[in-house]
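# Fold and contact review
Residue strings, one per chain:
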Amino acid sequence: MKTKKSPPIVELQQWFNSDAGHYIQTWEQARIENLVANVFGYRAVQYGLPAVPYLQNNRIPLQIYAGPQRLTQAHQANWQTSVVCEAEQLPFDRDSIDLLILPHALSSVTDQHMVLREAQRVLVPEGRLILTGFNPWSLWGLRNRLPACGHAYPASENGALSPARLKDWLRLLSFEIDRGHFGCYAPPVQTAQWFERFDFMEKAGDRWWPVFGAVYIVSAVKRVTGMRLITPAWKRKTQRRKARAAVTAKEVQTNSLNSLKNPNNL
């Protein structure tokens, strides 16, 4: 009997228990906690990775976990409530979420653009979206594209989404990107000892080749363009006529007052 394969986001949670996963997760958690510290509102949602509560440094009162599987008893203490769902079909009303975190969700689904559309639907105007992803331009992304080398990290068939394409898609959905980070410049080794040996690459990479970090974080705000009512042409003409009449009346009044003040005109 064939065992059912776990979703990529669940495999990623298991991978985070490895030395390589811990290296990535530690860097991401520090940056995300800094990004969410001053985000306010009523409801915050994190999709996937229940063992890593990225919202713990945030003060929004209702913090929700959403993911493809139920929370285990060990993870329930980190969350106030949880829902089982797919990232492409979030069970929340339109304009109801103030903060949405999607850690590696785009590299774990089949329809990446649908996930972003759902994020745009559920976020309130000026709501914040935070995404993390593996960088296909990095050494980690290169290794995942070479089958003979073995995968550096779990991912769906679509693989990692490049930061450039992600930014284009976000702009199309009326998101404004306000912050972003690249990080984790060590090559995809397997043990903590080797990561320590490559520690010198962190500062060097951040300075000399920042876009080649293994992972990236993007923070974006949902913008809603204000409406301007366009009145019928005849109304605009009437308004212009009234404006001209008001200006003429004011000029006549000003000239009359000037005449009274000047004794030569009497």
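Scroll up to find the structure.
What comes next concerns the included structure. (Residues numbered from 1 in each chain as written. Predicted model: local features only at pLDDT ≥ 70, side-chain atom pairs only at ≥ 80, totals over all residues. Heavy atoms only, no water.)

The next subject is the overall build of the chain. In terms of helices and strands, the chain carries 8 helices and 7 strands. Taking all 266 residues of the chain together, 44% fall into the buried category. Partitioning the contacts of the chain with sequence separation of at least 6, the portion at a separation of at least 24 is 70%. Surface exposure of the chain reaches about 15800 Å², of which carbon and sulfur atoms provide 53%. (Helix = DSSP H or I, 4+ residues; strand = E, 2+ residues; numbered from the N terminus. Buried < 20%, exposed > 50% of the residue type's maximum accessible area, 1.4 Å probe, protein only. Contact = heavy atoms within 4.5 Å. Areas by Shrake-Rupley, 256 points an atom, 1.4 Å probe, with all protein chains shown as cover.)

Let's shift gears to the sheet that holds strand 3 (residues 81–84). An order of 3-2-1-4-5-7-6 is seen for the 7 strands of this open sheet, with the pairing classed as mixed. One side of each edge strand has no neighbouring strand; the edge strands of this open sheet are strand 3 and strand 6 (175–183). Averaged over all neighbouring strand pairs, the angle between strand axes comes to 15°, with direction disregarded. Both strand 6 and strand 7 (residues 215–222) contribute to a ladder of 8 bridges, which runs antiparallel. (Pairing = 2+ DSSP bridges. Axes fitted to C-alpha atoms, helices over the stretch in contact; angles between N-to-C directions.)

What follows deals with the pattern of salt bridges. Per the stated rule, a full pass over the model turns up 6 salt bridges. Residue R128 pairs with D178 through a salt bridge whose shortest N-O separation is 2.7 Å. One end of the pair, R128, is in strand 5 (residues 123–134); the other, D178, is in strand 6, and 50 residues separate them in sequence. Between R223 and E176 there is a salt bridge whose closest N-O contact spans 2.8 Å. Of this pair, R223 sits in the loop between strand 7 and helix 8 (233–261) while E176 sits in strand 6; the two residues are 47 residues apart in sequence, bridging distant segments of the chain. A relative accessible area of 40% means that E176 is categorised as partly exposed. Through salt bridges that share partners, E126, E176 and R223 make up one connected network. (Salt bridge = Lys/Arg side-chain N within 4 Å of Asp/Glu carboxyl O.)

For helix 3 (residues 112–122), the set of buried residues is Q112, V115, L116, E118, A119, R121 and V122. Looking at the packing, one finds that the buried side of helix 3 touches strand 4 (97–103), strand 5, helix 5 (163–172), strand 6 and strand 7.

Attention now goes to the side chain of Q25. Examined against the element boundaries, Q25 turns out to sit in helix 2 (residues 19–36). A distance of 2.4 Å separates the side chain of Q25 from the side chain of Q29, its partner in a polar contact. Residue contacts for Q25: discarding those within four places in its chain leaves F16, V52 and Y54. (Polar contact = N/O pair within 3.5 Å; in protein donor to acceptor, adjacent residues only side chain to side chain.)

Tallied over the entire structure, the rule returns 10 aromatic pairs. Ring centres 5.9 Å apart and planes at 75° place the aromatic pair W15 and F134 in the edge-to-face group. On the criterion of sequence distance, the pair formed by W15 in helix 1 (residues 8–15) and F134 in strand 5 is long-range, its members being 119 residues apart. In this structure F134 comes out as buried when scored by relative accessible area, which is 1%. (Phe/Tyr/Trp six-rings, centres within 6.5 Å; stacked < 30°, edge-to-face > 60°.)

All right, on to the nonpolar core then. The nonpolar side chains of soluble globular proteins are, as a tendency, buried together. Within the largest apolar cluster, 33 residues are counted, with the highest numbers of intra-cluster contacts made by W15, F16, I24, L99, I101, I130 and W140. Here this core takes 7 residues from helix 2, the largest share from any one element. Counting 30 residues, the second-largest nonpolar core is a separate cluster that includes Y47, A105, L166 and W169. (Core = buried A, V, L, I, M, F, W, Y, C linked by side-chain atoms within 4.5 Å.)

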